[in-house]
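Residue-level structural notes
Listed below are the residues making up each chain.
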Amino acid sequence: MAGRLSGVASRIMGGNGIVSRSGASSLRQRAGMGLPVGKHIVPDKPLSVNDELTWDNGTAFPEPCIDRIADTVGKYEALGWLCGGLGFFATLGMLAVLNDKASKVPFTPRVYPYDNLRVELGGEP
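Criteria and thresholds
Every chain is numbered on its own, with residues counted from 1 as its sequence reads. Predicted model: local features are reported for residues with pLDDT of at least 70 only, side-chain atom pairs are reported and counted for 80 or more only, and whole-chain, interface and lining totals are derived from all residues. Side-chain figures throughout are based on the complete set of non-hydrogen atoms in the structure, without hydrogens or water. Each helix is a run of DSSP H or I of at least 4 residues and each strand a run of E of at least 2, with the numbering of both proceeding from the N terminus. Burial status follows relative accessibility: with a 1.4 Å probe on protein chains alone, a residue under 20% of its type maximum counts as buried, one over 50% as exposed, and anything between as partly exposed. Computed with a 1.4 Å probe, the accessible areas rest on the Shrake-Rupley method; for each residue, only the protein chains presented here act as cover. Values of pLDDT, the confidence the predictor places in each residue, fall between 0 and 100. Two aromatic rings from Phe, Tyr or Trp, using only the six-membered ring of Trp, form a pair when their centres are within 6.5 Å; if the ring planes differ by under 30 degrees the pair is stacked, by over 60 it is edge-to-face, and anything between is tilted. The term salt bridge refers to a pairing of a side-chain nitrogen on Lys or Arg with a carboxyl oxygen on Asp or Glu at a separation within 4 Å. Each patch is assembled from residues with relative accessible area greater than 30% and no salt bridge, linking like charges that lie within 9 Å and nonpolar side chains (Val, Leu, Ile, Met, Phe, Trp, Tyr) that lie within 5 Å.

So, on to the overall build of the protein. Check the secondary structure of the protein and you find 5 helices and 2 strands. The order of α-helices and β-strands along the protein, N terminus first, is α-α-β-β-α-α-α. Looking at the protein as a whole, 2% of its 125 residues are labelled buried. As displayed, the protein has an accessible area near 12100 Å², and 65% of this comes from carbon and sulfur atoms.

In structure tokens form, the structure reads like this:
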């Protein structure tokens, strides 16, 4: 019984069965779509020093891998925006800490009968 099962499994997984042949041909062809990023070009000459910094996906205009920020934003303006954003969230956090009512009353206030014992604690009848 185990020999028959292993024979069937080997045919399904990669033996001489129909499933393996049709699977291999469909994987080889990729349903006619080709590779995911265009043709694979094998280099025939030495690569340039910064070749890994260029994303060449087969289009007419390869683009750099590292996105460059527009020249209209200087580094000090970007630093100002970063500090302003972090300062906003720090202020928001400090306001949440200062307004935390659960830390000021760490227990639930007890409620007594008869209007919270107003008369018994010295209130007007």
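With that out of the way, let us pick up the confidence of the model for the protein. When the pLDDT values of the protein are averaged, the result is 76; 66% of them are 70 or greater. Ranking the helices and strands of the protein by mean pLDDT puts helix 3 (residues 75-98) first, with 95, and helix 2 (residues 18-29) last, with 55.

What follows deals with unusual backbone geometry. Its identity is not glycine, yet Tyr114 carries a phi of approximately 55°, on the positive side. Structurally, the position occupied by Tyr114 is in helix 5 (residues 113-117). Of note in the backbone geometry, Leu117 takes a positive phi value of approximately 55° without being a glycine. Structurally, Leu117 can be placed in helix 5.

The subject of this paragraph is the packing of aromatic side chains. One pass over the full model with this rule turns up 1 aromatic pair. Centroid distance Phe88 to Phe89: 5.2 Å. Interplanar angle 70°. Geometry classified as edge-to-face. On the basis of relative accessibility, which here comes to 56%, the residue Phe89 falls in the exposed class.

With that out of the way, let us pick up the pattern of salt bridges. Inspection of the entire model under this criterion finds 1 salt bridge. Taking the shortest distance from any N to any O, the salt bridge between Arg118 and Asp115 comes out at 2.9 Å.

Before going further, it helps to examine a nonpolar patch on the surface. A surface patch of nonpolar side chains, about 470 Å² in accessible area, is lined by Tyr76, Leu79, Leu82 and Leu86. Its place among the elements puts Leu82 in helix 3.

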